[in-house]
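Letter by letter, the chains look like this.
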Amino acid sequence: MKAFIYQKYGSPEVLELVNLEKPKPKENEILVRIKATTVTSGDVRLRSSDFPPVAWLIARLMFGLFYPKKKILGHELSGIVEAVGENVTRYQVGDAILATPTQLPSGAYAEYICIPEDRKKGVLAHKPQNLNFKEAAALPVGGMTALYLLKKAKLAKGQKVLVYGASGSVGSFAVQIAGAYEAEVTAVCSQSNSEMMKTLGAGTVLDYRREDYSTLGQQFDIVIDAVGKTSKSKASEVLKPGGQFVSVTSITKPEQEHLDELIELAEQGKIRPYIDKVFPFTNLTEAHTYVERGRKRGNVAIEIAKATVSP
């Protein structure tokens, strides 16, 4: 099978397209032919080892001090089940699935991957029928992070929610999820993304270049920092008494229940992954370059195989 690997930290050019042996599923695993994956900010950060100075050493110890431990990146995927282990019960050949292999030894930048059916070892689910493979691949990481943070902040109907960095992957999901809970959403992003925000359901859009949200004189129940570029002290200027500030810079631990809820919301038509650009698998390096510039909107998808499975 074809796969992109990286054997050292650095620019997008460290990604190498190679031929590897096709994996075989163990008794509790499914073999997935990957249809689509994404390039997340996490993929870019791991590839380049671009971590804040205070976290650099800890990150290197976790992911590889001198060389990366996990050679294949790719934090989310969608695809078709091609084979199942003898103990697998919830999936069968031909099922369309989506998953996040974050905790697995191999990522999604490959034509095939084996994923444990056990929910304690991975996050895996059937693909919503109303999402295409590229949209489905973009659902887990940004969506689960946004939902986890909003639930941590005790999101509820009728609340006022401010999403800072609303045009990114986590932000675009946060806007939609808050809207699905019937909250009143204010999105903070660049003016060029205002129409995108209105399409996703934001009631108010602020241009961060022209307006400082902390001086608006408004009060919010929740401020969610979706890009790690604002602070709790600044958010406290607009939070109601007892209001909550949550940020992607904190430790997040999304679980299967979060993905299950996202899928339910997607099937109800209340959320839909926003796809900025789609790159073919062979152009993965170009996709990393694009994401690294920090101007992507929503999600960047990688099409590994067409929707129709060939023998």
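Source: prediction; values computed, not measured.

## Some points on the side chain of Thr100
Right, on to step 1. Its location among the elements puts Thr100 in strand S5 (residues 96-100).
Right, on to step 2. For Thr100, a relative accessible area of 11% gives the class buried.
Right, on to step 3. At 2.7 Å, the side chain of Thr100 and the backbone oxygen of His75 are in polar contact.
Right, on to step 4. A polar contact is formed between the side chain of Thr100 and the side chain of Thr102, at a distance of 2.8 Å.
Right, on to step 5. For Thr100, the residues in contact, after removing those within four places along its chain, are His75, Glu76, Val123, Pro140, Val141 and Met144.

## A look at the pairing of strand S13 (residues 275-280)
Right, on to step 1. Note: S13 against strand S14 (residues 299-303), 5 bridges, orientation parallel. Bridge assignment links Ile275 to a residue of S14, and that residue is Asn299.
Right, on to step 2. The parallel pair S13 and S14, bridged by helix H9 (residues 284-292), forms a crossover whose chirality is right-handed.

## Considering the pairing of strand S11 (residues 220-225)
Right, on to step 1. Among the 6 residues of S11, 6 are classified as buried, and the element is accordingly described as predominantly covered.
Right, on to step 2. Note: strand S8 (residues 160-164) against S11, 4 bridges, orientation parallel. From the neighbouring strand, Val161 faces S11, where its bridge partner is Ile222.
Right, on to step 3. In the sheet, S11 pairs with strand S12 (residues 239-247) via 5 bridges, with the strands oriented parallel. Counted as the bridge partner of Ile222 is Gln244 from S12.

Rules used throughout
- Residues numbered from 1 in each chain as written.
- Predicted model: local features only at pLDDT ≥ 70, side-chain atom pairs only at ≥ 80, totals over all residues.
- Heavy atoms only, no water.
- Helix = DSSP H or I, 4+ residues; strand = E, 2+ residues; numbered from the N terminus.
- Buried < 20%, exposed > 50% of the residue type's maximum accessible area, 1.4 Å probe, protein only.
- Polar contact = N/O pair within 3.5 Å; in protein donor to acceptor, adjacent residues only side chain to side chain.
- Contact = heavy atoms within 4.5 Å.
- Pairing = 2+ DSSP bridges.
- Right-handed = clockwise from strand over helix to strand, strands pointing away.

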